[in-house]
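# Summary of structural features
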Amino acid sequence: MLKRRRCSTYVILFCAIVFLLGVVGVEFTLSSRQSKTVTTVASAVMPARHDDTSGAVVNRSSFNTHADPIEYNVTHWKGVFEDLNKRADVERIDVEVWGKAAIGTYFIEAILGARLESKLNGVWFLARALCSNLHLTYRSGPGVLPHKVPKTAQHVVLVLNGHNDDKIKTATPWLDMLPTLPNLKHVGLIVLGYEDCSNTWLKPYLDAHEYKIRFVFLVYGGKTWLSHPKVQQWPLGVATYRDFPLELPYYQSLGPLASSHRQARRRWLCNLQATIYPNTSREVLLKVLQDNNYTTSCFIEARKDWHPTETGESKQRYQQALLSSDYTLAPVGFNSECYRWYEAAAAGSIPIVEDRIQPPSCGTDPLALIKESNAPFIYLHNWHELPAVLKRLQGRSGLELERHRQRLVRWYESFKLQSRIRFCSTASQAFNSAAG
């Protein structure tokens, strides 16, 4: 049997994390035998609960500021990890993770907590992380090509971009490469899908045995895909391709706990920074703001054309607007889910979210992950509801606003930890099953 010992350094570190995030109930134990390391998730992640009663409802629009504690279904995951610890023959499993999508940076750094290191002046980027007895080596960058995956690889995770036809042409060679690995046992995927949730290009690979795909974490999944036994929904995260930082100094704009409106409030009541497409709800939102005289109390930057890149000035202006706004308006785009949810949460700016399925072809709620984790967002079904909601929000006490903001930041940290547990448990089950 493996001899187990508790590492005081990890205990101290974990206690600090619990204190900062306001979460309880996660225990990490370190099991050691020669070079083998098993990290165990022992119980659910729960945030601290508060007693303010500032929730409000406009039609079905919920402020969700007095949500129940975040409940994560980790019973199954806990069992998987505990079973691994009980086995005398648990061996280290090396996993090759190759990233060809910007969501990979969010995955390895924000979710798994590793840090990418530049190699060969940016030709490669490398990071290492642990999931139970899985030792992950993550590679990305222009030097990452399908034929460079080592032929000795047994366990592989690919992070791919299938967002449009051009991206799919780049993604499919990676999947076509898999049968050429002579020692390959099983594969996992993290995929940025089509915003219309179609993703038909993936189906042949999931159905064919030779690709050995055991699980898929899919952004923009939709009802059809999320009912597939191998597929789970995955969060979009922040726009790392636009160099949005993984951490924002939200605390610089919080100020001390206060009982007055003036001390707790930021410079702007809200912000809207978006491309305004014709005949969309974004156009409706902009008109509502203009017609109700919110152009002076809210930071508004509306443009007609979408730009994939930002200047240094525009990036700074966007981030500062988030940090300087009490609320961030988040209208749907081509899909309901957007980077703005996560970026606003990172900045402590409470998202006011348009709660509807977009496009209808997706057939399932893109907000499912957010709602299941009791995110303290504000949900509207129609932007014409916004003036009444903002009026009520302006009537809240400074203490209520401050608590809501703090709860948002704690939720976001907990949400990332939940995503880590979900990935690690899924990968551990798949790859240890393959090894056993």
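## Observations regarding the packing of aromatic side chains
Here a ring pair, both rings aromatic, is described through the centre-centre distance and the interplanar angle of the planes. Taken as a whole and judged by the stated rule, the model has 20 aromatic pairs. On the numbers, 6.2 Å between centres and 70° between planes, the contact of Phe-244 with Tyr-318 is edge-to-face. Of the two residues, Phe-244 sits in the loop between strand 15 (231-233) and helix 7 (251-254) while Tyr-318 sits in helix 10 (residues 312-323), which places them 74 residues apart along the sequence. You'll find Phe-244 and Tyr-318 in the same group, each marked buried. Ring centres 5.1 Å apart and planes at 40° place the aromatic pair Tyr-277 and Phe-334 in the tilted group. Of this pair, Tyr-277 sits in the loop between strand 16 (268-275) and helix 9 (281-291) while Phe-334 sits in the loop between strand 18 (325-330) and helix 11 (339-347); the two residues are 57 residues apart in sequence, bridging distant segments of the chain. Counting every residue linked through ring pairs, the aromatic cluster contains Trp-341, Tyr-342, Phe-377, Tyr-379, Trp-411, Tyr-412 and Phe-415.

## Some details on the side chain of His-186
Tracing the backbone through its elements, the reader meets His-186 in strand 13 (residues 186-192). Polar contacts involving the side chain of His-186 include one to the side chain of Arg-214, which spans 3.4 Å.

## A closer look at the state of the cysteines
A full pass over the atoms with the stated rule returns three disulfides. In this model Cys-131 forms its disulfide with Cys-424; the gap between the sulfur atoms is 2.1 Å. With the S-S bond torsion at -40°, the cross-link from Cys-131 to Cys-424 turns out left-handed. Within this pair, whereas Cys-131 is found in strand 10 (residues 124-131), its partner Cys-424 is found in helix 14 (residues 398-435), the two being separated by 293 residues in sequence. Neither Cys-131 nor Cys-424 differs from the other in exposure class; each is buried. Residue Cys-270 pairs covalently with Cys-298 via a disulfide, S to S 2.0 Å. The S-S bond linking Cys-270 to Cys-298 shows a torsion near 105°; that makes this disulfide right-handed. On the criterion of sequence distance, the pair formed by Cys-270 in strand 16 and Cys-298 in strand 17 (residues 298-303) is long-range, its members being 28 residues apart. Accessibility assignment for this pair places Cys-270 and Cys-298 in one class, buried.

## Focus: helix 3 (residues 103-111)
Turn by turn, an α-helix covers 3.6 residues, leaving residues three or four places apart pointing in a common direction. Across the nine residues that make up helix 3, a large majority, eight, are buried. After helix 3 finishes, the residue Gly-113 shows a positive phi value of roughly 80°.

## So, empty space enclosed by the protein
If you walk through the whole model with that rule in mind, you get three cavities of 30 Å³ or more. Of the volumes computed, that of the second largest cavity is approximately 70 Å³. Contributing to the lining of the second largest cavity are Cys-197, Tyr-220, Gly-221, Gly-222, Leu-226, Gln-233, Asn-335, Glu-337, Cys-362, Thr-364, Asp-365 and Pro-366. Looking at the lining of the second largest cavity residue by residue, the classes come out as five nonpolar, five polar and two charged.

## Focus: the nonpolar core
Ranked by internal contacts, the top residues of the largest apolar core, which has 82 residues, are Leu-112, Ile-352, Ile-370, Leu-386 and Phe-423. It is helix 14 that provides the largest number of residues to this core, a total of ten residues. Residues within four places of Leu-386 in sequence aside, it is in contact with Leu-285, Val-288, Leu-289, Leu-329, Ile-352 and Leu-380.

## Re the side chain of Ser-419
Here Ser-419 is to be found in helix 14. In this structure, Ser-419 is in contact with Ile-111, Trp-234 and Pro-235, ignoring residues within four places of it in sequence.

## Focus: the sheet that holds strand 10
Within the open sheet, the eight strands sit side by side as 9-10-11-8-12-13-14-15. Their pairing is mixed. Among the strands making up the open sheet, the edge pair consists of strand 9 (117-119) and strand 15. On average, adjacent strands in this sheet sit at an angle of 20° to one another, irrespective of strand direction. Sheet topology note: the strand 8 (residues 93-99)/strand 12 (residues 155-161) ladder contains four bridges and is parallel. Considered in strand 12, the bridge of Gly-99 is made with Val-159. Against the sheet, helix 4 (residues 165-177) contacts strand 8, strand 12, strand 13 and strand 14 (213-219), and its axis sits at roughly 170° relative to strand 12.

## Points about the sheet that holds strand 16
Strands sit in the order 17-16-18-19-20 across an open sheet of five strands; the sheet is parallel. The open sheet has two edge strands, strand 17 and strand 20 (378-380), and neither has a second partner. On average, adjacent strands in this sheet sit at an angle of 20° to one another, irrespective of strand direction. Direction of pairing for strand 19 (residues 350-354) relative to strand 20: parallel, over a ladder of three bridges. Paired with Val-353 across the strands is Tyr-379, a residue of strand 20. Helix 9 rests against strand 16, strand 17, strand 18 and strand 19 of the sheet, and its axis sits at about 145° to strand 16. The strands that helix 11 touches are strand 16, strand 18 and strand 19; relative to strand 18, the one it contacts most, it runs at about 170°.

Procedures and definitions
- Residues numbered from 1 in each chain as written.
- Predicted model: local features only at pLDDT ≥ 70, side-chain atom pairs only at ≥ 80, totals over all residues.
- Heavy atoms only, no water.
- Phe/Tyr/Trp six-rings, centres within 6.5 Å; stacked < 30°, edge-to-face > 60°.
- Helix = DSSP H or I, 4+ residues; strand = E, 2+ residues; numbered from the N terminus.
- Buried < 20%, exposed > 50% of the residue type's maximum accessible area, 1.4 Å probe, protein only.
- Polar contact = N/O pair within 3.5 Å; in protein donor to acceptor, adjacent residues only side chain to side chain.
- Disulfide = S-S within 2.5 Å.
- 1 Å grid on protein atoms, 1.4 Å probe; cavity = no way out; pocket = protein on both sides within 12 Å on 5 of 7 lines; lining within 4 Å.
- Points joined across faces, edges and corners; volume = space filled by probe spheres on them.
- Nonpolar A, V, L, I, M, F, W, Y, C, P; charged D, E, K, R; others polar.
- Core = buried A, V, L, I, M, F, W, Y, C linked by side-chain atoms within 4.5 Å.
- Contact = heavy atoms within 4.5 Å.
- Pairing = 2+ DSSP bridges.
- Axes fitted to C-alpha atoms, helices over the stretch in contact; angles between N-to-C directions.

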